[in-house]
Amino acid sequence: MEIGIGIITYKGHTRVAQLVESILRRDPGVDRKRLGILIYDDGTPSGIPASTWDLKPRVRSAGFTGFHAASSILNRGIAPSWNAITRLAFEAGARIMVLLNDDILVCDRWLEAMIYFLDNNPHAGTASWLQFFFDPPDAPMILADPDKATPRTPLRKPGQALRDAQPRWSVGEAKPGRVGCPAGSAFAFTRTMWDRTPGFPDAFRSFHEEASWSWELVQQGFPAYSL
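Caption draft 1: Broad picture of the packing of aromatic side chains. A complete count under the given rule lists 15 aromatic pairs for this structure. Arranged with centres 6.3 Å apart and planes meeting at 50°, the rings of phenylalanine 90 and tryptophan 194 form a pair that is tilted. One end of the pair, phenylalanine 90, is in helix α4 (residues 78-91); the other, tryptophan 194, is in helix α8 (residues 191-194), and 104 residues separate them in sequence. For phenylalanine 90, a relative accessible area of 6% gives the class buried. By way of ring pairs, the aromatic residues Trp82, Phe90, Phe187, Phe189, Trp194, Phe200 and Trp213 are connected into one cluster.

Caption draft 2: Quick peek at the sheet that holds strand β6 (residues 177-179). Strand order in the open sheet made by the eight strands is β3-β2-β1-β4-β7-β5-β8-β6, with mixed pairing throughout. For this open sheet the edge positions go to β3 (66-72) and β6, each flanked by a neighbour on one side alone. Within this sheet the neighbouring strands show an average axis-to-axis angle of 25°, counted without direction. Where strand β5 (residues 126-128) lies against strand β7 (residues 186-190), two bridges are found, and the strand directions are antiparallel.

Caption draft 3: Looking closely at the layout of surface pockets. In this model, the second largest pocket occupies a volume close to 400 Å³. Surrounding the second largest pocket, 21 residues form its lining, Ile8, Ile78, Trp82, Asn101 and Ser206 being those nearest its centre. Here the element with the most residues in the lining of the second largest pocket is α4; it accounts for three residues. Here the lining of the second largest pocket is composed, by residue class, of five nonpolar, nine polar and seven charged.

Caption draft 4: Expanded view of helix α1 (residues 13-25). Taking 1.5 Å of rise per residue, 13 residues should cover 18 Å, and α1 covers 18 Å from first to last C-alpha, within 8% of that figure. All of the buried residues along α1 are His13, Val16, Leu19, Val20, Glu21, Ser22, Ile23 and Leu24. Residues of α1 that are buried sit in contact with β1 (3-9), β2 (35-42), α2 (50-53), α3 (55-61), β4 (96-100) and α6 (139-144).

Caption draft 5: Local environment of the nonpolar core. In terms of nonpolar packing, the biggest core is built from 34 residues, with Val20, Ile23, Ile37, Leu100, Trp110, Leu111 and Trp129 touching the most fellow members. For this core, the element with the most residues is α1, which contributes five residues. In this structure, Leu38, Met97, Met193 and Phe200 belong to the second largest nonpolar core, which totals 20 residues.

Caption draft 6: Structural context of the pairing of β4. Taking burial as the measure, the five residues of β4 include five buried ones, the bulk of the element. Two elements, β1 and β4, share five bridges in a ladder whose sense is parallel. Residue isoleucine 5 lies in a different strand from β4, and its bridge partner there is valine 98. Sheet topology places β4 next to β7; five bridges connect them, and they run antiparallel. Paired with isoleucine 96 across the two strands is threonine 190, which belongs to β7.

Caption draft 7: The pattern of salt bridges, seen in detail. Applying the stated criterion to the full structure yields nine salt bridges. For arginine 25, the salt bridge goes to glutamate 21, with nearest N and O atoms at 2.9 Å. Here arginine 25 pairs with glutamate 21, and both are found in helix α1, just four residues apart, close to one helical turn. Taking the relative accessible area as the measure of exposure, arginine 25 reaches 44% and is therefore partly exposed. Notably, a salt bridge pairs arginine 109 with glutamate 112, separated by 2.5 Å at the nearest N-O pair. Overlapping salt bridges, with partners in common, bring together Glu2, Arg34, Arg95 and Asp119 in one network.

Cut-offs and rules
- Residues numbered from 1 in each chain as written.
- Predicted model: local features only at pLDDT ≥ 70, side-chain atom pairs only at ≥ 80, totals over all residues.
- Heavy atoms only, no water.
- Phe/Tyr/Trp six-rings, centres within 6.5 Å; stacked < 30°, edge-to-face > 60°.
- Helix = DSSP H or I, 4+ residues; strand = E, 2+ residues; numbered from the N terminus.
- Buried < 20%, exposed > 50% of the residue type's maximum accessible area, 1.4 Å probe, protein only.
- Pairing = 2+ DSSP bridges.
- Axes fitted to C-alpha atoms, helices over the stretch in contact; angles between N-to-C directions.
- 1 Å grid on protein atoms, 1.4 Å probe; cavity = no way out; pocket = protein on both sides within 12 Å on 5 of 7 lines; lining within 4 Å.
- Points joined across faces, edges and corners; volume = space filled by probe spheres on them.
- Nonpolar A, V, L, I, M, F, W, Y, C, P; charged D, E, K, R; others polar.
- Expected span 1.5 Å × (residues − 1).
- Contact = heavy atoms within 4.5 Å.
- Core = buried A, V, L, I, M, F, W, Y, C linked by side-chain atoms within 4.5 Å.
- Salt bridge = Lys/Arg side-chain N within 4 Å of Asp/Glu carboxyl O.

The structure is reproduced here in structure tokens:
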């Protein structure tokens, strides 16, 4: 695989299934043969369910290069899980890593602008996506047709006006903005940037790990961006 799509979870395989379903249904905007999906379970007592393994033939038949799943014995936290799945992706040959929370759903052409940005901005430490909020009951509607689903504001109120206000960008027209650190729920970076750091700080069990890691790169002159 050239681009790894990493998903970490703890007791969240229903959400993982929905995320993978959205990845399979939506056009990523890049050749699927460049992509591999990696799932890492951070110590769910029951382990990785058979339903997650059952996704493998569907991922393969959809044209993706690979499907990998792994797990830890204990719930060690976000940073160790990110480290494990990122190393797995780069050992498998990836040059770009995408990390997604298990409660994310993607839209059409979701990878196109990100890969374009990272390929053409070697000074960027990392980059993350603009995201809408949704509630679990909204997921089936979003999976069926994102353009007909209603996103929500941070206060969980329907936000159709928020959707209507967003421009429909084309590759090369988007204007990324510099931020303090990436949104840890959905961000991407290159192998080159990963190799400049010791990895995500294991001392953080949850929260601040993306900020601390990003500032390692900022201090070296490689800032974070939001698309």
